[in-house]
Structures are given as C-alpha cells and as structure tokens.
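Given next are the chains, with one letter for each unit.
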Amino acid sequence: MKKKFRIALAGNPNCGKTSIFNGLTGARQHVGNYPGVTVESKSGFFTLNGVEIELVDLPGIYSLSSNSPEEDVAFVELTKPGIDLILNVIDSTIPQRSMYLTTQLAELHIPMLLAFNMSDDAAKKGLKFDIPKLEKYFGSPIVQTIGSKTDGVRPLLRQLAKTLNELEDHGVPMLSYGADIDDAIQAVSDKINALEVKKFSHIPARFFAIKLLEHDAGVMRLDEFKPVWDEVENQIRHLRERHAIEADTFMADCRYAMLAGACRDTISMTREKRREISDKIDAVMTNKILGLPLFFLIIYITFWFTFTCADPLMGYIEQFFDFLAVRVAEAWNPDTLPYLRSMITDGVIKGVGGVLVFLPNILFLFFAIAILEDSGYMARAAFVMDGIMRRFGLQGRSFVPLVLGFGCTVPAIMATRTIESERDRKVTIMVLPLMSCSARLPIYALIIPAFFTQKYQAVMMLIIYIIGILIALLGARLMKATLFKGDGEVYLMELPPYRMPTFRSIMLHMWDRSRMYLQKAGTIILAATIILYLCNTLPEKKVFSKDYSAAAAQVEKTLILNDSQIKSLESAKVFDAETMTAIRKDRKIPADQLEKIKTDELAPAPKKLVEAAAAGKEQLQKLENEKSAEKMEYTVSGRVGHLMEPVFRHIGFDWKLSTASIGALAAKEVFVSQLGTLYAEGEADEKSTPLREHLRSNYTPLQGFCIMLFCLLSIPCLATLAIIRRELNSTRMAFIEAAALLILAYIITFIVFQVGTLLQIGTKLL
C-alpha cells in the first residue's frame, strides 16, 4: 500500500465541506490563491494509520460545467494527475440536489467516497437512507458524518482507511444516456483516443467527449481537443436533426432523472415533514418588512464588536512599539551609526508595529464573520441585500465588506472572500478604498472646525461620507459594464439550515486569515513603510537657515537659576524634595514638572520663575519644530512635494499639502502630523488649535473641502494596496488601483476647485 495519498475534497457551497476539512486536518493547513484567479486554494495534511494524506479542498461548486472561476479551478484540479480519491461531501438534508455534482464526478472514473454530511439535521427532517442500495447506484462507499461535531468525522476516518486499502478494486459505474447519446459519446471518444493526449491519459476519453458534446467552456478551451471539434459538431447536428435531441440539456435531464429514481428508491420519510425551526426564523429574518432593519442591526453589531474590541488592543500594540523604539534609542549611542539607529527605531520597529496594529481588527472581524457564516445567517444577508446591490452591478454579499470599510479597509477587503463571484469580488475590492475609513477621520476632524462654523460641521462630514458612497457605487456599476463585463451570472441562493457554530471552526477561521495577512501582506507593508520612512527622513539637512543650536543655547541660558531663585522656590515649597534636588543639580526647572504646577496659587516671585521656564520651554519647542520643518522640506518627500506643486496648484494644493499627501501613504492620519511638522507645530493632532489657525490663514474653505475630497478619493494607505495585491494575486492590479484613484481624485477635486473659484464659492469662513 502507498504511504502517501492525495485526496480531493469536493462538494456544493454550504454542504459543511469546510467543517469536514477542518475536522480532518486541524491546524495543518495552507491557504492561498490559485494562480491567476482570486479563488481560494486550501490544502491540509493529516496522518491515518501511518499513511500521510494531503487533502485538497476544492472551491464549493454545483457542477463541473465551467460556468464560473470556481468550477474552472475544480475542473483543472480534478483533471490533473495524482488524485487518488475524491471525497465528495453531500448535504444529506437535500440529497437529490447535492448529488448532481456526484454524477459528473463519477464520469472522471476516479475512486470516490461519498460523505453524507449533516446527517443529524437529515434525521431531524425525518429522512432515512438505504445506504447499501445507494452505494450500488454510485459504485462508491457512503459514510454518514456530522462535520460540525468533533467526533462527527470519526466514521469518515474509519471508512477512509478501508477505502484507501481497496482502491484497486474500486469501480465507478458509467451512467447511460440512452443509445443515441451513448453512440455519439463513443464516436467522439474514439477520436480522442486516437489523439493519444498524454496530459489526460489518466482520465477516460468518455469524460472529455461528454464535455465537448455539452460545449463545456473549460474543455473547449483546451488546444489538445481542437482536432475533434468537427466530429463533435457532426454528432451534435446528427442528434438534433435525426433525433430532435439537444445534447447538453438532454444529458443534464438524464442525470436528474437518474438521481430522482435513486432517491425515490433509497430515501424514505420516517414521519411527515414538518416546518423546521430554520423556516420559522427565516419568516422573520428574511421578511420583506423586518429583514432589512434586522440585517442593518446585525451588521451594526458586527461593526461595533469588531472595532470596539480591537481598538484597545490596537492602542496597546502602538504603545508597545513606541515604548520599544524609545528603549532601543536610549540603549543605542546616538553617535554610533546614527542613520541605522534612526532607521531601526523610527522605521523598522514602527513598521512592524504598523503591520501588527491591524491584527486585532482582522481577528475580531473574522471571528464575527465565522459566526455569521457557520450559523447560516450570511446566506440570508446576501438574500436580503441582493436586490438593492444588483442595481449597482454587485451582489448581496458585497454589502458587508462595504460597510466594514467605514472602519478599516484592510480587514474589509479580506472579508470579500465570502463573495462567490470572482468578478463581483474584484469590483468590490476595487471600490472599497472609496469608503471613508476611520483613518480619514483625523483629517476631517482637523479641517472641518478650521473652516466651517458649528452649524455646518455635521453637514460637511455627512457630505464627505455620501460622496464616497455614491462614487463607490457608481464606480462599481461602471466597472461591471466595462472592465469586468461579462454574461449575466445566475447565482443559486442556498439558504442552509441555521446551526450552532463550533468554537474550533471559528478559531481555525481566524487563524487562517491572520496567518495569511502576516505572511503575505505584512511583508509588503513592512517594506513599503521603511521605504516611505527613508523618503521622509533622507537626505538629512546639514545647513539651516539659522543656527538653531545657538538660538537654543541662548534660550537655555535664560533658564539657568541663581541661588536666590532656587531658595525662593524652596521656601515657597513649589516642588517636592526629589524635584528640588534635580533643580539644585541642573540649576533649572525640569520641563516635565511645569504642567503640574498651578501658577495662580503661587506667590509672585515663584510664579514669575515658573512662567519664565514655561515660556523658555515653548521657545525651545518652537525652535525644534522650525528645524523639523526645514528638515522635512529638504527630504525626498519635501522635494517631491515642491515638484508636484505646479500641477497640484490647480486643485488648491501648495507644496506643504502635497508633501503631507505623500506622508499619508503610510497611513491616512499621518497627513495631520506631517502637516503639523511642515507648519512648525511639531507632530500635531487633529485637535491642534495652532495648526487650525495656520490652515485658516493660508487656505479658504473651498481649499479645505478640496483637501478632504482628495484625501477621500486618492491613493489609499500602503496597507490597503498591499492587501489588494494579496487578494487579487496581482501587483499590476494594485498599481492600476493606485493610479486610477489618483487620477479620479485629481479630476474630481480639479472640477470642484475650479468651479468653486469661478463662482466664488467657499472663499469665506462658513
């Protein structure tokens, strides 16, 4: 007996295939994408009686007809050499519909084991199976499983061990389509056999003959079978003209007829079928009136849960890496390799932090999505929203990622993996950056109060969000009509019964997505963050417009205390004993103590000293900020900002806004801190009053609106581009996305600014 086997796991969507896969392989899984498509590939390994088994989880499909990317992938995988066994998972609550795929898999003549999954649900419905008789119909062993339970796959393991021992004796009967069709199949098969195609020598010629007679797109694309096209067309014409038979529909009817007979003969109802709990729940959850409000409530809870639970952990991660950067900087002598020191502390460490900071979002989001998927509600969500989303060229499942995009685009893009259609998934990913994520909020929070009075602030915020939503939906409609144009896709909306998700399945789901993010996207994000850091820090300026060191030294001199001033502070008991010791030693008041003192409670002399120290601290900070601004202007980013100014002037941007936009590639909120640096206000935040005053004195409300509009529509952060590249499996698509959004942002902002300027709109504070 062989020591290694390769098993293909096939089945319809929602048949419990993932539960079976997780139950067999546990954590020994590899997840990725099939080459050239966004369809997920997943393989896992497990050992059975000393035999190593690779389990290849094929995409969920309803047939092998190559009508979708999923079916194409399944066809390619199943026709490759090396598949020892097909493990076909059947939803035993709807066996007749689930086994249509089985009839097509049987034509491959590869040994097959049928797993009648969800057998507990089938029993609750009153279904009783004559397993030995069913096995004779399909020529394959059948085992009943409960994939959602830990011990539910044990019968499968026992049967699998037995089946692998008997592969040589395994025979799959050929389905007869009637004398006329069978003659046509044989004629085409003879032509195929004459070609002696080595690539497919392990698959019966009959399988390909059937596919060619059905005009299956996947087989028709294969150059190896082009020499038999004439024979195929002759046989199709013969069947149509002599027997009034359309080969493709007739063979499908034959399969359904065989299944109907087999099920009628082997499946019985032990009691009258009564309305199930799932039906009662669906009467409310998919109700025309209640369905939509309940859906929005569940999505809101998912949104709230994800970002509320993730936010503290994200804060802890940021604090930890800030702490680590400070500690490394303190331990590393500033005179020893200063550039490397700076890059490690401010580039590498903060870059790693920039990767890991998204991890809590991804963990909690996919925890919530796993519950929605495994419970069966996600299918209902798609059903409820499908009618609305179809108007914009998308499907119901696209709505959930779009809503999650308001929180963070990175996990929202990963959430598109729940969308079956490759075209819809690509379009959803491409428009997701237009949803205004939480990282843009600091920009809005800085700009809106700077230019708009209280009564207009909420309206401006709402307008910005609505613009993003409208452009995203219109963009989706446009892309489905042009770039991703194709024949109308028909989706079977399966509404599986509600189930209780298992903790193990949820944890594996979270683990898969988190590992994928860290391994694939994380490396790209880290590399891009370091490159952007270098652009924001190099080259380092050596000669400044004034001698900042001398100016700082002059200020420091004014802060030196004489003996009488120190005694004055001691007698007033302004500071504690430890602080006074430090003052006597350094002969100046520690800067970190100034904010703790209430000067209005002090006597005139000590008050004057504290105020002078505070003023000196402010002067020193101002000098440091001015120096940082000069440094930033001298860097690659600053120089590019100057180069961009002639072009970006037409959308209301000067070189400072252009430079800050470059910094925003690292993370959108960096726009605010970088603008603070350029205006010599240090790393300001969105609440900075001095920075708002700078903006108000240098720009108009129209320019302020254009800043928000450009930041909304332009290139997203590097993390988003990295995850787009990962999910679409294409660097080219990530670059196209970045370029398209930049052009879109520029054109729309240009129109708004030029029309506003022409009509004198937004030239005064609103």
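All figures in this text were calculated on a predicted structure; none of them were measured in a lab.

Draft legend 1. Region of the structure containing the overall build of the protein chain. Summing up its helical and strand segments, the protein chain has 34 helices and 9 strands in all. When the backbone C-alpha atoms are referred to their principal axes, the protein chain occupies close to 115 × 60 × 55 Å. Put simply, the protein chain has 766 residues, and 52% of those count as buried. In the protein chain, the proportion of contacts linking residues at least 24 apart, taken out of those at least 6 apart, comes to 75%. Accessible surface computed for the protein chain: about 35,900 Å², of which carbon and sulfur atoms make up 59%. Averaging the positions of the 86 positive and the 84 negative side-chain charges in the protein chain gives two centres separated by 3 Å.

Draft legend 2. Molecular detail of the pairing of strand β5 (residues 85–91). Of all the 7 residues making up β5, 7 are buried; the element is thus mostly covered by neighbouring parts of the structure. Burial of β5 is two-sided: the residues L85, L87, V89 and D91 facing one way and the residues I86, N88 and I90 facing the other way are all buried. Relative to β5, strand β1 (residues 4–11) runs parallel, the two sharing 5 bridges. When the sheet's bridge partners are listed, G11 is paired in β5 with V89.

Draft legend 3. Focus on the state of the cysteines. Per the counting criterion, the structure on display carries 0 disulfides. For C408, which is in no disulfide, the shortest distance to another cysteine sulfur is to C437 and amounts to 6.6 Å.

Draft legend 4. Highlighting the nonpolar core. Core analysis: the biggest nonpolar cluster contains 98 residues, and F295, Y517 and F671 have the highest contact counts within it. Contacts of F295, omitting those with residues within four sequence positions, involve Y377, A381, V384, M385, F399 and V400.

Draft legend 5. Quick look at the packing of aromatic side chains. Under the counting rule described, the total for this entry stands at 22 aromatic pairs. Each ring, one from F648 and one from F653, has its centre 6.2 Å from the other, and the planes form 50 degrees; the classification is tilted. With respect to burial, F648 and F653 carry one shared label: buried. A cation over a ring is seen here: R639 above Y634, with NZ or CZ 4.4 Å from the ring centre. Directly above the aromatic system of Y679 lies the positively charged group of K656, at a separation of 4.0 Å from the ring centroid.

Draft legend 6. Summary view of the packing of helix α6 (residues 131–138) against helix α12 (residues 247–266). Two elements in contact, α6 and α12, have axes separated by 9 Å at closest approach and are oriented at 160 degrees. The angle between the axes of α6 and α12 places the two elements in the roughly antiparallel class. Of the two elements, α6 crosses α12, and the hand of that crossing is right-handed. Contacts from K133, L134, Y137 and F138 of α6 reach α12 at M258, L259, G261, A262, D265 and T266. Residues that form the contact of α6 with α12 fall into these classes: 6 nonpolar, 2 polar and 2 charged.

Draft legend 7. Seen up close, the environment of K149. In this fold, K149 is placed in the loop between β8 (142–144) and α7 (154–165). Taking the relative accessible area as the measure of exposure, K149 reaches 44% and is therefore partly exposed. Linking K149 and T249, residues 100 residues apart in sequence, is a C-alpha distance of 39 Å.

Draft legend 8. Up close: the pattern of salt bridges. For the structure shown, the criterion picks out 24 salt bridges. We note a salt bridge from D72 to R221, for which the minimum N-O separation is 3.0 Å. Remark: R221 occurs in the loop between α10 (217–220) and α11 (229–243) and D72 occurs in helix α2 (residues 69–78); sequence separation between them is 149 residues. Assessed through its relative accessible area of 21%, D72 is described here as partly exposed. Between E422 and K426 there is a salt bridge; the shortest N-O distance is 3.8 Å. With E422 and K426 both in helix α20 (residues 422–431) and 4 residues apart, this pair spans about one turn of that helix. Assessed through its relative accessible area of 11%, E422 is described here as buried.

Draft legend 9. Looking closely at the packing of helix α21 (residues 441–451) against helix α31 (residues 689–698). Relative to each other, α21 and α31 sit at 60 degrees, their axes nearing to 9 Å. One way to sum up the angle between α21 and α31 is to call them oblique. Crossing hand, α21 versus α31: right-handed. Contacts from A445, L446, I447, P449, A450 and F451 in α21 reach L691, R692, L695 and R696 in α31. When grouped by side-chain class, the residues that make up the contact of α21 with α31 number 8 nonpolar, no polar and 2 charged.

Draft legend 10. Examining the environment of F648 more closely. Among the secondary structure elements, F648 is positioned in helix α28 (residues 636–648). Classification of F648 as buried rests on a relative accessible area of 9%. The spacing of F648 and Y746 is 98 residues in sequence and 8.2 Å in space, taken between C-alpha atoms. Beyond its immediate stretch of four places on either side in the chain, F648 contacts F653, S658, F710 and Y746.

Criteria and cut-off values
- Residues numbered from 1 in each chain as written.
- Predicted model: local features only at pLDDT ≥ 70, side-chain atom pairs only at ≥ 80, totals over all residues.
- Heavy atoms only, no water.
- Helix = DSSP H or I, 4+ residues; strand = E, 2+ residues; numbered from the N terminus.
- Buried < 20%, exposed > 50% of the residue type's maximum accessible area, 1.4 Å probe, protein only.
- Contact = heavy atoms within 4.5 Å.
- Areas by Shrake-Rupley, 256 points an atom, 1.4 Å probe, with all protein chains shown as cover.
- Lys, Arg positive; Asp, Glu negative; His and termini not counted.
- Charge placed at Lys NZ, Arg CZ, Asp CG, Glu CD.
- Pairing = 2+ DSSP bridges.
- Disulfide = S-S within 2.5 Å.
- Core = buried A, V, L, I, M, F, W, Y, C linked by side-chain atoms within 4.5 Å.
- Phe/Tyr/Trp six-rings, centres within 6.5 Å; stacked < 30°, edge-to-face > 60°.
- Lys NZ or Arg CZ within 6 Å of the ring centre and 35° of its normal.
- Axes fitted to C-alpha atoms, helices over the stretch in contact; angles between N-to-C directions.
- Parallel < 35°, antiparallel > 145°, perpendicular 65-115°, else oblique.
- Left-handed = near helix turned anticlockwise from the far one by under 90°.
- Nonpolar A, V, L, I, M, F, W, Y, C, P; charged D, E, K, R; others polar.
- Salt bridge = Lys/Arg side-chain N within 4 Å of Asp/Glu carboxyl O.

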